[in-house]
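Chains, contacts and geometry: an overview
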Amino acid sequence: MRRLLPYLQPYRTRWLAMVFVAVLSTVATIVIPLMTKVVIDGPVRHHDRTGLWWWGTAALAIGMSEVLLWIVRRWLVARATMGVEADIRKDLYARMQLLPMSFHSKWQSGQLLSRIMNDLGTVRRFLSFGALFLLLNTIQIVVTTLILLAMYWPLGLVVVVSVVPICVTVLRNERKFTALSRKAQDQSGRVATHVEESALGLRAIKSFGREDYVYDRFDTQVKELYDIQVGKVSLQATFWTILEVIPNVTLILVLGLGATAAGQGRITLGTLVAFITMMLSIVWPIASMGFFLSMTQESMTAADRIVEVFDAPREILDGAGLVPVRGGELELRDVGYRFPDGEKWALRHLDLTVPAGQTLAVVGTTGSGKTVLTGLISRLYDVSEGQVCIDGEDVRDLRLDELRSVVATAFEDPTLFSMSVRENLTLGRSDATEEEIREALQVVRADFVDDLPYGLDTRIGEQGMSLSGGQRQRLALARAVLARPRIIVLDDTLSALDVHTEALVEDALREVLVGVTAIVVAHRASTVMLADRVALLQDGRITHVGTHRELLRTVPEYRYLLAAEDETAVPAGGAR
Ligand SMILES: Nc1ncnc2c1ncn2[C@@H]1O[C@H](COP(=O)(O)OP(=O)(O)OP(=O)(O)O)[C@@H](O)[C@H]1O
């Protein structure tokens, strides 16, 4: 929580104004019973009508100003804390964008969602009224108790003694409650993950008719959340009850002892009335402390969860250098990569050079490390050993924004965002002209865009679901082409296209690849033909590099991998 407090800094004037106004209204709350004492022991006792009017009017004025102060406080609350929530949320989001792929593959997306939405809301509620009431209630309880002690110490002592079991209860339950809060927050993250996954994977669930199975799993998760919440409420119920009962029992004692003392003339009637009124005025602050203390604990665990995201190591740090303005030669020097938790090397001892303007195809069995290799170029992952260099500069020494504007990647599984086709396309280059967008669409043969209801301005659904796999791949490819990179990385980007569309896109790509350094992950001979050379990746190692013809002639594994192409040739030959 302390770590999040600096976010209050820009709003400190409003926040302090809010606290000041609230403290003033608490002062009014405390003063009114004191006035009662003065009225009873003064004007009422002495039948002084004028004095009664004066004091009555003064009490009314203080009461009215208390109301006004409450209104002002409520008005200030939103202004003081909504901004804090928005600022933390923006920073948290920015942080999530900076965190490496290894972080995102470890963390469930629902956990991030629940932290950025629920936990932040909890912290904001605490900052806007939880912390405030904790402070106000404490001030009110302490000041009132001191006044009570000063008015008639034996009765004041009764009030002080009654605070002891309250403190004991709070301390005893605090740790249990904190643990339960954390459990509940983590579990609600898991529930959010489940909802998100099943919404995204609805097609697979429906096609296998496994709605019941998914529902049962969800039910188990929700039941667990329910049990934790009920546990939390039971615990709260115990200590809230104690906090409710103790001040009321104390009140009964004060009434009895106070009446006796007044009867014996040890205190005035005014003191007794003021005493009881003041005692009544702290019943709610004491009783509500349970609520505000649990709110504090909840928001502290929520703040912990938020800070965990801020504290996750960035790993992939910005370099200082600019990408040299040269052709874009790409070089892998003894590169190795191992996933942080992985035992096996995904890639090892990779030595490759792609001269500027040339295209290298990477062919390999599934799981051989092709995608990992493509991710190393734009530093989605950092090499575990060796170096990836562009024009002789280690990519880790370059500024990330520079690097990523020079290298464009299109993935096999294209991600399109819930925005217009145009916005999706210009993600890598926001200043692209209409003509350039059209050219890029022409390269990938995405004529279907003109048939969309609003053309380029059509908003495509979540993850572009309203488009076919091949259409999505072509848009992702157009996005990479439009970025006009010096180095283009295509990770099996044509896999979802039919043979004819693929051939058309390849023809156009051939033109795009002129003058651009490219790495093209390929499964089909026709795509391999785009490249000047081919590298065969086997089990994380490059075993052969050469032209397509050379490898076809000399490497049986390579022939085997592209065998599907030969088979497609057979029926054609057979038909002839
Ligand atoms: N996040 C991860 N953590 C640990 N291992 C991973 C992770 N992602 C991938 N791997 C492993 O790394 C290896 C290489 O994966 P990669 O995705 O690069 O294969 P690929 O050659 O692109 O396969 P495909 O052709 O099927 O896409 C695989 O053995 C895979 O299981």
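What counts and how
Residues numbered from 1 in each chain as written. Predicted model: local features only at pLDDT ≥ 70, side-chain atom pairs only at ≥ 80, totals over all residues. UniProt positions renumbered as here; feature names shortened; annotations may be inferred. Helix = DSSP H or I, 4+ residues; strand = E, 2+ residues; numbered from the N terminus. Rg over C-alpha atoms; globule rule 2.2 N^0.38 Å. Buried ≥ 20, exposed ≤ 12 C-beta atoms within 10 Å, placed from the backbone. Contact = placed C-beta atoms within 7 Å. Domains from an automatic or database assignment. Near = placed C-beta within 6 Å. Nonpolar A, V, L, I, M, F, W, Y, C, P; charged D, E, K, R; others polar. Core = buried A, V, L, I, M, F, W, Y, C linked by C-beta atoms within 7 Å. Axes fitted to C-alpha atoms, helices over the stretch in contact; angles between N-to-C directions. Parallel < 35°, antiparallel > 145°, perpendicular 65-115°, else oblique. Left-handed = near helix turned anticlockwise from the far one by under 90°. Pairing = 2+ DSSP bridges. Expected span 1.5 Å × (residues − 1). Bend = angle between axes of the 7 residues up to and from the residue.

As recorded in an unreviewed UniProt entry, the protein goes by ATP-binding cassette subfamily B protein and comes from Allobranchiibius huperziae. Note on the protein: under the UniProt heading Subcellular location (unreviewed entry), the record states "Cell inner membrane". Per UniProt, the comment on the protein under Sequence similarities (unreviewed entry) is "Belongs to the ABC transporter superfamily. Siderophore-Fe(3+) uptake transporter (SIUT) (TC 3.A.1.21) family."

A few words now on the overall build of the protein. In terms of helices and strands, the protein carries 20 helices and ten strands. Since a compact globule built from 576 residues should have a radius of gyration of about 25 Å, the 35 Å found for the protein marks it as more spread out than a globular shape. Structurally, the protein occupies a C-alpha span of about 120 × 45 × 45 Å along its principal axes. The buried share of the protein, taken over its 576 residues, is 34%. Within the protein, counting contacts between residues at least 6 apart in sequence, those at least 24 apart form 79% of the total.

Domain boundaries in the protein define domain 1 (2–311) and domain 2 (330–412 + 486–575). Between domain 1 and domain 2, the C-alpha centre-to-centre distance is 59 Å.

Moving on to the site of the ligand. Looking at the ligand, the residues that line it are S105, F339, G342, A346, G364, T366, G367, S368, G369, K370, T371 and V372. If one sorts the elements of the shell around the ligand by residue count, helix α10 (residues 370–377) sits on top with three residues. Each residue belonging to the shell around the ligand can be placed in one class, and the counts come to three nonpolar, eight polar and one charged.

All right, on to the UniProt feature "domain: ABC transmembrane type-1" (unreviewed entry) in the protein then. As annotated in UniProt, the feature "domain: ABC transmembrane type-1" (unreviewed entry) corresponds to residues 16–298 in the numbering used here. Each end of residues 16–298 is marked by a C-alpha atom, and these two atoms are 23 Å apart; helix forms 93% of the span and strand 0%.

To continue, consider the nonpolar core. A361, V362, V363, V444, A478, V481 and V520 are the most contacted members of the largest nonpolar core, which totals 73 residues. In terms of residue count, the dominant contributor to this core is helix α15 (residues 469–482) (seven residues). L69, F126, A274 and V309 belong to the second largest nonpolar core, which has 45 residues in total.

This part is about the packing of helix α1 (residues 12–44) against helix α8 (residues 269–281). The N-to-C vectors of α1 and α8 enclose an angle of 165°; their axes lie 7 Å apart at closest approach. In this view, α1 runs roughly antiparallel relative to α8, as classed from their interaxial angle. Taken as a pair, α1 and α8 cross one another with a handedness that is right-handed. Of the residues in α8, those touching α1 at T29, P33, L34, T36, K37, I40 and D41 are L269, G270, T271, V273, A274, T277, M278 and S281. Tallied by class, the residues present in the contact of α1 with α8 amount to seven nonpolar, six polar and two charged.

Turning our attention to the pairing of strand β10 (residues 541–546). Bridge count between strand β9 (residues 533–538) and β10: five bridges; the pairing is antiparallel. Pairing of L536 across the sheet is with H544, part of β10. Joining the antiparallel neighbours β9 and β10 is a turn of two residues, in which D539 adopts a positive phi near 50°.

A separate point is helix α2 (residues 49–98). With 50 residues, α2 should reach 74 Å at 1.5 Å per residue; the first-to-last C-alpha distance of 73 Å fits that figure. Residue L76 marks the point of greatest curvature in α2, where the axis turns by about 25°. All buried positions along α2 are accounted for by L69, R73, L76, A80, T81, V84 and I88. In this fold, the buried residues of α2 make contact with α1, α4 (109–151) and α9 (283–311).

On to the environment of R14. Mapped onto the elements of the fold, R14 is located in helix α1. Residues R14 and R79, spaced 65 residues apart in sequence, show a C-alpha to C-alpha distance of 7.2 Å. Contact partners of R14, with chain neighbours within four places excluded, come to L76, R79 and A80.

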